[in-house]
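For reference, the chains in residue letters:
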Amino acid sequence: MNPIPTSYFVALSAILFTLGVTGVLVRRNAIIIFMSVELMLNSANLVFVAFARQFVELSGQIFVFFVMTVAAAEVAVGLALIVAIFRTKQSINVDEINQLKG
Amino acid sequence: MTPELILFFLLAAVAIGAALGMLFSRNAIHSALYLVLNFAVVAVFFLLLGAPFIAMVQVTVYAGAIMVLFLFVIMLLGAEILRQPSKVLPWQRPLTLVLGVLFVGAVLALLSLAPRAPEAPVALADDALRKFGGPLNVGQVLFSRYLLPFELTSLLLLVAMIGAVVLVRDEKKP
């Protein structure tokens, strides 16, 4: 059995990360921007696990846990922010959230 | 072309297709469902990489809990589709596409130029691979070497929970 080379996973992760960045820059829906951030975090997780196998070192997999925890906390606070903004502005278009005064 | 490589390329195509679907669907619900598909495929990659426990956590926490939260908020707000397309920064989209293609090209060129990395350990290819990322090993490392960071994440989750409650509280009521 031939293991899949680690570089293939790095390449796939780079593609997924770029798609996430593209989503953040191109889309105007705040929720979809959040989903793109999740996609980027997930591609970083893929590289962590790939290198954990490469170096036979479990720390890479442990860090995936911490990334997931941070992602969960970020989603909870971020979605609460989106709900709060939607209540005052009736919109989640990031182009309409352009004034700092309330 | 070994079976593993064929499986890898098939799954990679599905993952990239799901990410593109998330990017370009008009409806936010469809985007969320495409992202669930992407997370499921990445969980299969984790299995291929000898991380069965992480793969299960990926399915339950990411594809389960986090995406349910997303879908819940989308449906709560009724914000599936933005009303009007925006006219701000019209040059941003083409510039993003050009820079994204450049970035992926640069990474792929670097990977093809880099000296051949040593192959993943062959001992991991069979039985040891299944035990390597299993719950027993992961738990032992997590609760010994990474005990303090693990406890700190509980603090982080507590702060996030308090923050979410405070942010969506109705301020008119006492």
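As a further point, take the overall build of chain A. Helix and strand content of chain A: three helices and zero strands. In chain A, the succession of helices and strands from N to C terminus is α-α-α. In summary, chain A has a C-alpha radius of gyration of 17 Å against a globular reference of 13 Å for 102 residues, an excess of more than 25%. Per-residue burial over chain A gives 44% buried out of 102 residues.

The next thing to look at is the overall build of chain B. Per the secondary structure count, chain B includes seven helices and zero strands. Listed by position from the N terminus, the elements making up chain B come as α-α-α-α-α-α-α. Out of the 174 residues belonging to chain B, those deemed buried represent 22%. Counted over contacts in chain B with a minimum sequence separation of 6, partners at least 24 positions apart contribute 54%.

All names here are of chain B. Helix length check: helix α1 (residues 3-24), at 22 residues, gives a terminal C-alpha distance of 32 Å against a target of 32 Å (1.5 Å per residue), a fit within 8%. All buried positions along α1 are accounted for by Ala15, Ala18, Ala19 and Met22. Buried residues of α1, seen end-on, are gathered within an arc of 100° and therefore sit on one face of the element. Relative to its buried face, α1 has exposed residues pointing more than 90 degrees away, namely Ile6, Leu10 and Ala13.

Moving on: the interface of chain A and chain B. Contacts between the two partners involve 58 residues from chain A, matched on the other side by 70 residues from chain B. Residues of the side of chain A that touches chain B, tallied by class, amount to 42 nonpolar, twelve polar and four charged.

Quick look at helix α2 (residues 28-48) of chain B now. The α-helix winds at 3.6 residues per turn, so residues separated by three or four positions along the chain end up facing the same way. With 21 residues, α2(B) extends 31 Å from end C-alpha to end C-alpha; this agrees with the ideal 30 Å at 1.5 Å per step. If you check which residues of α2(B) are buried, you get Ala28(B), Ser31(B), Ala32(B), Tyr34(B), Leu35(B), Val36(B), Asn38(B), Phe39(B), Val42(B), Ala43(B), Phe45(B) and Phe46(B). Those residues of α2(B) that are buried lie in contact with α2 (30-54) of chain A together with α1 and α3 (52-77) of chain B. Taken from the residues just after α2(B), Gly50(B) is the one with a positive phi, measuring 75°.

Further remarks concern the environment of Ala50(A). The topology assignment puts Ala50(A) in helix α2. Judged by the 25 C-beta atoms lying within 10 Å of it, Ala50(A) is buried. It is 9.9 Å that separates the C-alpha atoms of Ala50(A) and Ser13(A), two residues lying 37 residues apart in sequence. Apart from residues lying up to four places away in sequence, Ala50(A) is in contact with Thr6(A), Phe9(A), Val10(A) and Leu49(B).

Here the focus is the confidence of the model for chain B. Of all residues in chain B, 87% attain a pLDDT of 70 or more, and the chain-wide mean is 85. For this predicted complex, the interface confidence reaches an ipTM of 0.91, while the overall pTM sits at 0.89.

Ranked by size, the top nonpolar core spans 55 residues in total, and within it Leu16(A), Ile31(A), Met35(A), Val49(A), Leu35(B), Phe46(B) and Ile74(B) carry the most contacts. Among the secondary structure elements, those contributing two or more residues to this core are α1 (6-26), α2 and α3 (59-89) of chain A together with α1, α2, α3 and α7 (147-167) of chain B. Broken down by element, this core gets its largest block of residues, eleven residues, from α2(A). In this structure, Ile31(A) is in contact with Ile82(A), Ile92(A), Ala28(B), Phe70(B), Val73(B), Ile74(B) and Ala79(B), ignoring residues within four places of it in sequence.

All right, on to unusual backbone geometry then. Residues and elements named next belong to chain A. Backbone geometry at Val56 places phi at a positive 45°, although glycine is not the residue there. Position of Val56 relative to the elements: it lies in the loop between α2 and α3. Backbone geometry at Gln90 places phi at a positive 55°, although glycine is not the residue there. Among the secondary structure elements, Gln90 is positioned in the segment after α3.

What follows covers the packing of α3(A) against α7(B). One way to put it is that α3(A) packs onto α7(B) with a least axis distance of 9 Å and a crossing angle of 10°. On the basis of the axis angle, α3(A) is roughly parallel to α7(B). Of the residues in α7(B), those in contact with Phe66(A), Thr69(A), Ala73(A), Ala76(A), Val77(A), Ala80(A), Leu81(A) and Ala84(A) of α3(A) are Pro149(B), Thr153(B), Leu156(B), Leu157(B), Ala160(B), Met161(B), Gly163(B), Ala164(B) and Leu167(B). Across the contact of α3(A) with α7(B), the residue classes break down as 14 nonpolar, three polar and no charged.

Residues and elements named next belong to chain A. Here Arg87 shows up in helix α3. The class for Arg87 is exposed, based on 11 C-beta atoms found within 10 Å. For the pair formed by Arg87 and Leu41, sequence separation is 46 residues and the distance between their alpha carbons is 28 Å.

Calculation notes
- Residues numbered from 1 in each chain as written.
- Chains lettered and ligands numbered in written order.
- Predicted model: local features only at pLDDT ≥ 70, side-chain atom pairs only at ≥ 80, totals over all residues.
- Helix = DSSP H or I, 4+ residues; strand = E, 2+ residues; numbered from the N terminus.
- Rg over C-alpha atoms; globule rule 2.2 N^0.38 Å.
- Buried ≥ 20, exposed ≤ 12 C-beta atoms within 10 Å, placed from the backbone.
- Contact = placed C-beta atoms within 7 Å.
- Expected span 1.5 Å × (residues − 1).
- Arc of directions from axis to C-beta.
- Nonpolar A, V, L, I, M, F, W, Y, C, P; charged D, E, K, R; others polar.
- pLDDT = per-residue confidence, 0-100.
- Core = buried A, V, L, I, M, F, W, Y, C linked by C-beta atoms within 7 Å.
- Axes fitted to C-alpha atoms, helices over the stretch in contact; angles between N-to-C directions.
- Parallel < 35°, antiparallel > 145°, perpendicular 65-115°, else oblique.

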